[in-house]
Amino acid sequence: MSDFTAAQAAVVRIERAEEGRWDLSVISDSGVRMGHGEYLFQADQDDAQSEIAAAAEFVRGYGFRFESDAVVGDGPDAFWAPLLPLDA
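Rules of the game
Residues numbered from 1 in each chain as written. Predicted model: local features only at pLDDT ≥ 70, side-chain atom pairs only at ≥ 80, totals over all residues. Heavy atoms only, no water. Buried < 20%, exposed > 50% of the residue type's maximum accessible area, 1.4 Å probe, protein only. Helix = DSSP H or I, 4+ residues; strand = E, 2+ residues; numbered from the N terminus. Pairing = 2+ DSSP bridges. Lys, Arg positive; Asp, Glu negative; His and termini not counted. Salt bridge = Lys/Arg side-chain N within 4 Å of Asp/Glu carboxyl O. Polar contact = N/O pair within 3.5 Å; in protein donor to acceptor, adjacent residues only side chain to side chain. Contact = heavy atoms within 4.5 Å. Phe/Tyr/Trp six-rings, centres within 6.5 Å; stacked < 30°, edge-to-face > 60°.

S.K.: I'd like a description of the pairing of strand S2 (residues 21–28), backed by residues and values.
M.R.: In terms of residue burial, S2 counts as a mostly covered element, since eight of its eight residues are buried. Where burial is concerned, the two faces of S2 agree: the one with Arg21, Asp23, Ser25 and Ile27 and the one with Trp22, Leu24, Val26 and Ser28 are both buried. Bridge analysis of S2 against strand S3 (residues 33–40) gives seven bridges, and the strand direction is antiparallel. Residue pairing across strands places Val26 opposite Gly35, the latter belonging to S3. Here S2 hands over to S3 after four residues, with Gly31 in that stretch at a positive phi of 90°.

Pasting the structure below:
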């Protein structure tokens, strides 16, 4: 876990790193990567719902959540969503 506040964490970024692996990052409002994880999956599990669920679980570990309808595409294999504190 990183030591940062809810005011510093801005978004989660979900990006395909290679076949079978998505990189998950918590990005600060100034663009600094503050937390990182990986989601490894089987080819038959490569769908938007699985990726969003993995990202939601990842950011919960940092005390955040995001609305699944707020996920925005950022290129063919990258997505991001604004973070909210778990208690908000």
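That shown, we press on.
S.K.: Quick one: what's the story with the side chain of Glu51, residue by residue and with numbers?
M.R.: Mapped onto the fold, Glu51 is located in helix H1 (residues 48–60). The buried charged residue Glu51 lacks any salt bridge, with Arg16 as its nearest oppositely charged partner at 4.9 Å. A distance of 3.4 Å separates the side chain of Glu51 from the side chain of Trp22, its partner in a polar contact. With sequence-adjacent residues up to four places away left out, Glu51 is seen in contact with Ile14, Trp22, Tyr39, Asp46 and Phe79.

S.K.: So what's going on with the packing of aromatic side chains? Which residues, and what values?
M.R.: Summed over all chains, the structure comprises three aromatic pairs. Seen in terms of ring centroids, Trp22 and Phe79 are 5.9 Å apart; in terms of plane orientation they differ by 40°. Their pairing is tilted. Taken together, the residues span a long stretch of sequence, with Trp22 in strand S2 and Phe79 in strand S6 (residues 78–82) at a distance of 57 residues. On the accessibility criterion, Trp22 (2% relative accessible area) is buried. Geometrically, the ring pair formed by Phe58 and Tyr62 is edge-to-face, given 5.3 Å between the ring centres and 70° between the ring planes. On the basis of relative accessible area, Phe58 is assigned to the buried category, the value being 14%.

S.K.: Pulling in residues and values, what's your account of the environment of Ile14?
M.R.: Among the secondary structure elements, Ile14 is positioned in strand S1 (residues 9–18). Separated by 64 residues in sequence, Ile14 and Ala78 have C-alpha atoms that sit 5.6 Å apart. Excluding residues within four positions of it along the chain, Ile14 makes contact with Trp22, Asp23, Leu24, Glu51, Ala55, Asp77, Ala78 and Phe79.

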